[in-house]
Amino acid sequence: MTDSALVAASDIPLMQGLAQRVTALRPDLISAGASYGELAWIYGKDHAAQSAGWRRRLWFAGDELVAWGWAFLPRRVRRDDGSVTDVTGASLSHQVHPDHAGLVDEVIEWYDAVAAGLERTALPTTADEYALTRWAAHGYEPDARALGDTGDWTQLNRRDLTDVEHPVLPPGFRFRTAEEAGPRAAVRAHLDAWSPSPYTARSYEGVRRTAAYRADLHVLVEAPDGTMAASTIMWLDHMNRTVEFEPVGTHPAYRRLGLARAMMLHGMRLARAAGATHATVVCLGAPGRPRARGLYYGLGFRELSRDAPLIKWAG
């Protein structure tokens, strides 16, 4: 076990290794923010601007990582439209190997210490029944705001890649990769889809530097006028032969044309050629937020797991 420290680039492969081992045994226990691809995406895009507010602790059994906690402490978020948000609470990403489930108490106690005095949120999965009892014993309760009709809890969806239909784009549109389009186009595609966003050229450089990133699995759709109308990054986990889409976005002016559907079908075929047998994607699960879920269900994805958002009030 190591003491609390800032999150370092060298921590991410260790965390990803645990994600791979848990995925192989119990993929329904992968906590929000703890998947192989999500770890690379979050660290890559945000570490330059936000890492001063990150703390982590690692638990080992011999030389093998068996649990970790990553606390996101209060921070200021600046977006491309000039808006600024001060995040005053703390949130946690974490993972505990099912063979070491008892460590969840140590993860909670560490989190309570490092985020003392703050409103604290955490996201175990609904399948982790033992962990849910331990979080409750430490004073955490279901987060009604996150669980509301338009709440922000997420679900992980999965499908196999045995039979992937041929993608069809509207006339004049074509698939590109970030390798072909270049960094400026890749950043612009993300901002066009997600603005207002804190994403920058520096964010993308951080993503590119992660060991899991592959520019040939970063797919874009180019419109006839040269606009990058949609984009997604795929994160390939060779051990489990699965690929994760994160993020997936479309320029507002090019929505409802079937671009995201075609892009993901194209991506799944690329992933299959790279050795993947399954694909995953996360979406908001609340009833009042059906758009992305409808897209993914229409592509054959089905829910594998979901968050159980918890909160402990300040004081």
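Per an unreviewed UniProt entry, the chain goes by GNAT family N-acetyltransferase and derives from Streptomyces griseoluteus.

**Concerning the domain arrangement of the chain**
Structurally, the chain comprises domain 1 (5–148 + 308–312) and domain 2 (159–306). Each of domain 1 and domain 2 was reduced to a C-alpha centroid, and the two centroids are 24 Å apart. Contacts between the two partners involve 28 residues from domain 1 and, on the opposite side, 26 residues from domain 2. Between domain 1 and domain 2 lies a buried interface of about 2100 Å² when both sides are counted; carbon and sulfur atoms form 61% of it. Contact with domain 2 buries surface across domain 1, with Tyr36, Trp41 and Asp80 losing the most and accounting together for 29% of the total. Across the domain 1-domain 2 interface, the total number found is zero salt bridges. One can count nine residue pairs in polar contact (both at pLDDT 80 or more) joining domain 1 with domain 2. Among the secondary structure elements, those contributing two or more residues to the side of domain 1 that touches domain 2 are helix H1 (11–25), helix H2 (36–50) and strand E3 (75–78). Broken down by element, the residue count for the side of domain 1 that touches domain 2 peaks at nine residues, all from H2.

**Quick word on the UniProt feature "domain: N-acetyltransferase" (unreviewed entry) in the chain**
Per the UniProt annotation, the sites labelled "domain: N-acetyltransferase" (unreviewed entry) are residues 173–315. Secondary structure across residues 173–315 divides into 34% helix and 30% strand, with the first and last C-alpha atoms of the span separated by 55 Å.

**Remarks on the packing of aromatic side chains**
Scanning the entire structure with this criterion turns up 11 aromatic pairs. Where Trp54 meets Trp70, the ring centres are 5.0 Å apart and the plane angle is 75°; that geometry is what we call edge-to-face. With Trp54 in strand E1 (residues 54–61) and Trp70 in strand E2 (residues 64–72), the pair connects residues that are 16 residues apart, well separated along the chain. Residues Trp54 and Trp70 agree in their burial class; the two are buried. Geometrically, the ring pair formed by Trp70 and Phe72 is stacked, given 5.0 Å between the ring centres and 15° between the ring planes. Residue classification places Phe72 among the buried positions, given a relative accessible area of 10%. Members of the aromatic cluster, connected to one another through ring pairs, are Tyr43, Trp54, Trp70 and Phe72.

**Re the nonpolar core**
In terms of nonpolar packing, the biggest core is built from 36 residues, with Met15, Trp68, Trp70, Tyr204, Val207 and Trp235 touching the most fellow members. The element that contributes the greatest number of residues to this core is H2, accounting for six residues. Counting contributing residues, this core receives three or more from each of domain 1 (5–148 + 308–312) and domain 2 (159–306). In terms of nonpolar packing, the next biggest core, distinct from the first, is built from 30 residues, Ala223, Ala230, Ala271 and Leu299 among them.

**Considering the sheet that holds strand E5 (residues 90–96)**
Sheet architecture is open: six strands sit in the order E1-E2-E5-E6-E15-E7, paired in mixed fashion. Two strands lie at the open edges of the sheet, namely E1 and strand E7 (141–142), each paired on one side alone. Two elements, E1 and E2, share eight bridges in a ladder whose sense is antiparallel. Note that in E2 the partner of Trp59 across the bridge is Ala67. Here H1 sits on the sheet and contacts E1, E2 and E5; the angle it forms with E2, its principal contact strand, is near 115°.

**A closer look at the pattern of salt bridges**
Per the stated rule, a full pass over the model turns up 19 salt bridges. Its salt-bridge partner being Lys45, residue Asp46 comes within 2.9 Å of it at the nearest N-O pair. A relative accessible area of 18% means that Asp46 is categorised as buried. Here Arg188 and Asp192 are joined by a salt bridge, their closest N and O atoms 3.1 Å apart. Taken together, the residues span about one helical turn, with Arg188 and Asp192 both in helix H7 (residues 183–194) at a distance of four residues. Each of the salt bridges in this network shares a partner with another, and the network as a whole consists of Arg174, Arg176, Glu180 and Glu222.

Calculation notes
For every chain, the first residue of the written sequence is number 1, and numbering continues from 1 along that sequence. Totals for whole chains, interfaces and linings use all residues, but because this is a predicted model, local features are given only for residues with pLDDT of at least 70 and pairs of side-chain atoms are given and counted only at 80 or more. Side-chain numbers here rest on the full set of heavy atoms in the structure, without hydrogens or water. Domain start and stop positions are those given by an automatic or database domain assignment. Contact criterion: two residues are considered in contact whenever any of their non-hydrogen atoms come within 4.5 Å of each other. Accessible surface is computed with a 1.4 Å probe, and the buried area is the amount of it that two parts give up when combined, taken over both parts together. Between Lys or Arg on one side and Asp or Glu on the other, a salt bridge is scored when a side-chain nitrogen of the former is within 4 Å of a carboxyl oxygen of the latter. Nitrogen and oxygen atoms within 3.5 Å of one another constitute a polar contact, given that in protein one can donate a hydrogen and the other can accept it, and given that sequence-neighbouring residues count only through two side-chain atoms. Labels follow the DSSP assignment, with helices taken as runs of H or I lasting at least four residues and strands as runs of E lasting at least two, numbered in each case from the N terminus. UniProt positions are given in the numbering used here, feature names are shortened, and annotations may be inferred rather than shown by experiment. A pair of Phe, Tyr and Trp rings is counted when the ring centres sit within 6.5 Å of each other, with Trp represented by its six-membered ring. The angle between the planes then sorts it: under 30 degrees is stacked, over 60 is edge-to-face, the rest tilted. Relative accessibility decides the category of a residue: with a 1.4 Å probe and only protein chains considered, values under 20% of the type maximum give buried, values over 50% give exposed, and everything between is partly exposed. Only buried residues count toward a nonpolar core, which is a set of Ala, Val, Leu, Ile, Met, Phe, Trp, Tyr and Cys residues joined through side-chain atoms within 4.5 Å. Should DSSP find at least two bridges between two strands, the strands are regarded as paired. Working convention: axes come from line fits to C-alpha atoms, limited for helices to the stretch in contact. Angles between N-to-C directions cover 0 to 180 degrees.

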